[in-house]
Amino acid sequence: MFTLYKKELATFFTSLIGYLTVVVFLVLCGLMLWVFRSDFNILDYGYADMTGFFLIAPFLYLFLIPAITMRMLAEEKKNGTMELLLTKPMSEMTIIWAKFLAGVTLVFISLLPTLVVYFSVYALGDPVGNIDTGSVIGSYIGLLLLGAAFVAIGLMASALTSNQIVAFILAAVISTFAYLGFESLYNMEILGNADLFVKSIGMRHHYESISRGVVDTRDIIYYLSVVALFLMATRLVLQSRKWQK
């Protein structure tokens, strides 16, 4: 698995995909936080706080992570190398885990440079260091877990088709609904007593819970369950190819 993981990770950085994803994420975050006049602008906000970044990042990941994952399995199917991989002495889950971990690693790498924002806000605070570090750590953990869930969704979408554009659209739609859809249903107040339950199914609810700085095991279990669910779904899609044959 480690060999396939290294190969997948190397593929990101031997093409424009890895670099472009990280650069686009960082540039858009930088513009929204420091340049554009908006509620997210740290200087305009007037408080030593990274709330703007943790509000923007999930929406950027809704499009950037599907761009990372769209080729993972779709390209293998299109080039006919999926059958070659499956003939190797490795299970479907080994292939899936290797690609999933490569995607999560790229998400983690994209977050590392954003620590500059933290240290900048830390230095700009009055007094210096006047920032809720616990909340920031919780938000980073939540963002990484959210990114992992989006990677798992994107991997399943990539397994469903050999067309990378279709895989991108599927992943973006499913991820958007998982993050915002249940919250929207809750806000409509059309489900009566089930409203709170529906809200608790959504990813945004658990992300905001972790972002408060209290890492609840229920939120961790939720994200791990979502990841496991979509990775198992990906496995079923790959196995269905064998059943069809």
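Preceding block: the structure.
The rules behind the values
- Residues numbered from 1 in each chain as written.
- Predicted model: local features only at pLDDT ≥ 70, side-chain atom pairs only at ≥ 80, totals over all residues.
- Heavy atoms only, no water.
- Helix = DSSP H or I, 4+ residues; strand = E, 2+ residues; numbered from the N terminus.
- Rg over C-alpha atoms; globule rule 2.2 N^0.38 Å.
- Buried < 20%, exposed > 50% of the residue type's maximum accessible area, 1.4 Å probe, protein only.
- Contact = heavy atoms within 4.5 Å.
- Areas by Shrake-Rupley, 256 points an atom, 1.4 Å probe, with all protein chains shown as cover.
- Lys, Arg positive; Asp, Glu negative; His and termini not counted.
- Charge placed at Lys NZ, Arg CZ, Asp CG, Glu CD.
- Arc of directions from axis to C-beta.
- Salt bridge = Lys/Arg side-chain N within 4 Å of Asp/Glu carboxyl O.
- Core = buried A, V, L, I, M, F, W, Y, C linked by side-chain atoms within 4.5 Å.
- Phe/Tyr/Trp six-rings, centres within 6.5 Å; stacked < 30°, edge-to-face > 60°.

Asker: How should the overall build of the protein chain be read in this particular structure?
Answerer: Check the secondary structure of the protein chain and you find 13 helices and zero strands. Along the protein chain, helices (α) and strands (β) appear in the sequence α-α-α-α-α-α-α-α-α-α-α-α-α when read from the amino end. Rg of the C-alpha trace for the protein chain: 19 Å, near the compact-globule value of 18 Å for 245 residues, within the 12% margin. Each principal axis of the C-alpha atoms in the protein chain carries an extent, and together these give about 65 × 50 × 30 Å. Split into buried and exposed, the 245 residues of the protein chain put 46% on the buried side. When contacts within the protein chain are restricted to residue pairs at least 6 apart in sequence, those whose partners lie at least 24 apart make up 74%. Carbon and sulfur atoms provide 68% of the accessible area of the protein chain, an area that totals close to 12,400 Å². On the protein chain, the mean spot of the 16 positive side-chain charges and the mean spot of the 16 negative ones are 16 Å from each other.

Asker: What should I look at first to understand helix α8 (residues 115-124) in this one?
Answerer: Since the α-helix packs 3.6 residues into each turn, any two residues three or four apart lie on the same face. Taken together, the buried positions of α8 are occupied by Val-117, Tyr-118 and Val-121. Buried positions in α8, seen along its axis, are confined to an arc of 100° and lie on one side of it. Exposed residues on α8 whose side chains face more than 90 degrees from its buried face are Val-116 and Phe-119. Packed against the buried residues of α8 are α2 (16-35), α3 (42-45) and α9 (133-160).

Asker: Would you mind showing me how to read the pattern of salt bridges here?
Answerer: Two side chains carrying opposite charge are able to pair once their charged atoms lie near each other. Within the structure shown, the criterion is met by six salt bridges. The closest approach of N and O atoms between Glu-8 and Lys-99, which form a salt bridge, is 2.7 Å. Note that Glu-8 is positioned in helix α1 (residues 2-14) and Lys-99 in helix α7 (residues 92-111), a separation of 91 residues in sequence. On the basis of relative accessibility, which here comes to 0%, the residue Glu-8 falls in the buried class. Classification of Lys-99 as buried rests on a relative accessible area of 0%. Ionic pairing is found between Arg-204 and Glu-208, a salt bridge with its closest N-O pair at 3.2 Å. Residue Arg-204 and its partner Glu-208 are both found in helix α12 (residues 203-211); the two are separated by four residues, about one turn of the helix. By relative accessible area, which is 29% here, Glu-208 ends up partly exposed. Taken together, the salt bridges that share partners define one network made up of Glu-8, Arg-71, Glu-75, Glu-76 and Lys-99.

Asker: Would you mind showing me how to read α2 here?
Answerer: Along α2, the residues classified as buried are Gly-18, Thr-21, Val-22, Phe-25, Cys-29 and Leu-33. The buried residues of α2 occupy an angular sector of 90° when projected down its axis, which confines them to one face. The exposed set on the far side of α2, more than 90 degrees from its buried face, consists of Leu-16, Leu-20 and Val-35. Where α2 is buried, its residues touch α1, α3, α4 (51-69), α7 and α8.

Asker: Before we go on, may I ask you to explain the environment of Gln-239 in this structure?
Answerer: Along the chain, Gln-239 turns up in helix α13 (residues 217-244). Classification of Gln-239 by relative accessible area gives buried; the value is 16%. Spatially, the C-alpha atoms of Gln-239 and Glu-92 are 7.7 Å apart, while their sequence positions differ by 147 residues.

Asker: How do you make sense of the nonpolar core when you look at a structure like this?
Answerer: One broad trend across soluble globular proteins is that nonpolar side chains are buried collectively. One finds Met-50, Phe-53 and Met-203 to be the most contacted residues of the largest nonpolar core, which totals 65 residues. Residue contributions to this core peak at 14 residues, all from α9. If sequence neighbours within four positions are ignored, Met-203 has contacts with Leu-146, Ala-149, Phe-150, Ile-153, Ala-178, Tyr-179, Tyr-222, Tyr-223 and Val-226.

Asker: Please explain the packing of aromatic side chains as it appears in this structure.
Answerer: Enumeration according to the criterion identifies 14 aromatic pairs in this entry. With 6.4 Å between their ring centres and 65° between their planes, Phe-25 and Phe-53 make a pair best called edge-to-face. Taken together, the residues Phe-25 in helix α2 and Phe-53 in helix α4 connect sequence positions 28 residues apart. By relative accessible area, Phe-25 is classed as buried at 1%. Under the relative-accessibility criterion, Phe-53 is labelled buried at 1%. An angle of 70° between the planes, with centres 4.9 Å apart, marks the rings of Phe-53 and Phe-54 as edge-to-face. Taken as a pair, Phe-53 and Phe-54 share a single burial class, namely buried. Each member of the aromatic cluster is reached from another via a ring pair, and the members are Phe-25, Phe-53, Phe-54, Tyr-61 and Tyr-140.

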